[in-house]
Amino acid sequence: MAEAWMPGAERLVGETTRTPPGIGAPRAVWTVTGSDPRAWSAREEARRLVYEERTAHLVWNPLTGDVVQILAATRRARLPLGSTDQYGLHLDHGHEGRVCVAVAVVSEAPFTDGPMHGLAPILTWLDSWDVERVWPAGPPGAEGAKAADAARVWARGGHFGHDQVPGSSAKGPGRLDTARLLSVGLSTTGPPDGPRVPPEPRRSAMT
């Protein structure tokens, strides 16, 4: 059974307001804090997000491997992820999905370019919530998809960059190597029915 709190993560509880459960495919959204991971710890950045009322679920420093959890997986992030108006209704896409886990990485640049210490336990925990190891929108940092296309891809679930959430105005997390990120912690062969890591599309020419 999936645990609401990631095993081994430091806890800094920043939100007690209950949120309604969502429906649909589970998702994880990756963003960056815009901070130097050599100068700022995961805990310091987590405290800042709580103070600014922009809480993500996890704050992770990829240089030290430290992970701080602010919200249980069953709660909704206060970090604005993206929203749209459809059929006269305002949709907050961070409230969709059985879970929609926001991971704030202490980084100024695409964090897959450097060390990613402590990533395997994060992915294992997301696996336990059935967040499929796929990146359906392709690597983030490219030109945004049209609204209809973004909504259709978002409905599939899996992993997304902050800038790939429908209606998002975010510019991060930058051009990530999604294949490298999602392969961490998997065996070289992987189970036949295990999570799929799609090949990264061939490349052309933060809030």
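Further up the page is the structure itself.
The present account deals with the structure reproduced in this document. Owing to the predicted nature of the structure, the values given are computational and were not obtained by experimental measurement.

Notes on helix α1 (residues 42–51)
One full turn of an α-helix is made of 3.6 residues, so residues set three or four places apart face in the same direction.
Thought 1: Taken residue by residue, α1 has A42, E45, A46 and L49 as its buried positions. Summarising the axial view, the buried residues of α1 lie within an arc of 105°, below the 170-degree limit, and thus occupy one face. In α1, those exposed residues whose orientation departs by more than 90 degrees from the buried face are R47 and Y51.
Thought 2: Contact partners of the buried residues in α1: β3 (58–60), β4 (67–69) and β7 (100–105).

Points about unusual backbone geometry
Thought 1: In this structure, the amide linkage connecting G172 to the following residue, P173, adopts the cis form with an omega of 10°.
Thought 2: Assignment of secondary structure puts P173 in the loop between β8 (158–161) and α4 (178–183).
Thought 3: Although it is not a glycine, E53 adopts a positive phi angle of roughly 55°.
Thought 4: Residue position: E53 is located in the loop between α1 and β3.
Thought 5: Despite not being glycine, D130 has its phi angle at roughly 65°, a positive value.
Thought 6: Tracing the backbone shows D130 in the loop between α2 (119–128) and α3 (147–154).
Thought 7: For D130, a relative accessible area of 54% translates into the label exposed.

As for the pairing of β7
Thought 1: The buried count for β7 comes to 6 of 6 residues, which makes it a mostly enclosed element.
Thought 2: Residue alternation in β7 divides its side chains into two sets, C100, A102 and A104 and V101, V103 and V105, and both sets are buried.
Thought 3: Bridging between strand β2 (residues 27–32) and β7 involves 6 bridges; their strand directions are parallel. By the bridge assignment for β7, A28 is matched with V101.
Thought 4: Pairing between β3 and β7: 3 bridges, direction parallel. When the sheet's bridge partners are listed, L58 is paired in β7 with V103.

Things to note about the pattern of salt bridges
Thought 1: Counted according to the given criterion, the structure contains 8 salt bridges.
Thought 2: Of the charged contacts, one joins R54 and E52 as a salt bridge, the two residues approaching to 3.3 Å between their closest N and O atoms.
Thought 3: Owing to a relative accessible area of 35%, E52 belongs among the partly exposed residues under this scheme.
Thought 4: Across the pair E53 and R78 runs a salt bridge whose closest N-O atoms are separated by 3.8 Å. Taken together, the positions of E53 in the loop between α1 and β3 and R78 in the loop between β4 and β5 (83–86) put the pair 25 residues apart, joining distant regions of the chain.
Thought 5: What makes R78 partly exposed here is its relative accessible area of 40%.
Thought 6: Residues joined by salt bridges that share partners form a network here, namely E45, R48, E52 and R54.

Rules of the game
- Residue numbers run consecutively from 1 along every chain, following the written order of its sequence.
- Residues qualify for local features only when their pLDDT is at least 70, as the model is predicted, and side-chain atom pairs are given and counted only at 80 or more; totals for whole chains, interfaces and linings, by contrast, use all residues.
- Values reported for side chains reflect all heavy atoms of the structure, with hydrogen atoms and water molecules removed beforehand.
- With a 1.4 Å probe rolled over the protein chains alone, any residue whose accessible area is under 20% of its type maximum counts as buried; one over 50% counts as exposed, and the rest are partly exposed.
- We count a stretch as a helix when DSSP gives it H or I for four or more residues in a row; a strand needs E for two or more, and each element gets its number in order from the N terminus.
- Directions are taken from the helix axis to each C-beta atom, and the arc is the one they span.
- Contact between two residues is taken to exist if any of their heavy atoms lie within 4.5 Å; hydrogens are not considered.
- Strands are treated as partners if at least two bridges between them are detected by DSSP.
- Salt bridge criterion: a side-chain nitrogen from Lys or Arg within 4 Å of a carboxyl oxygen from Asp or Glu.

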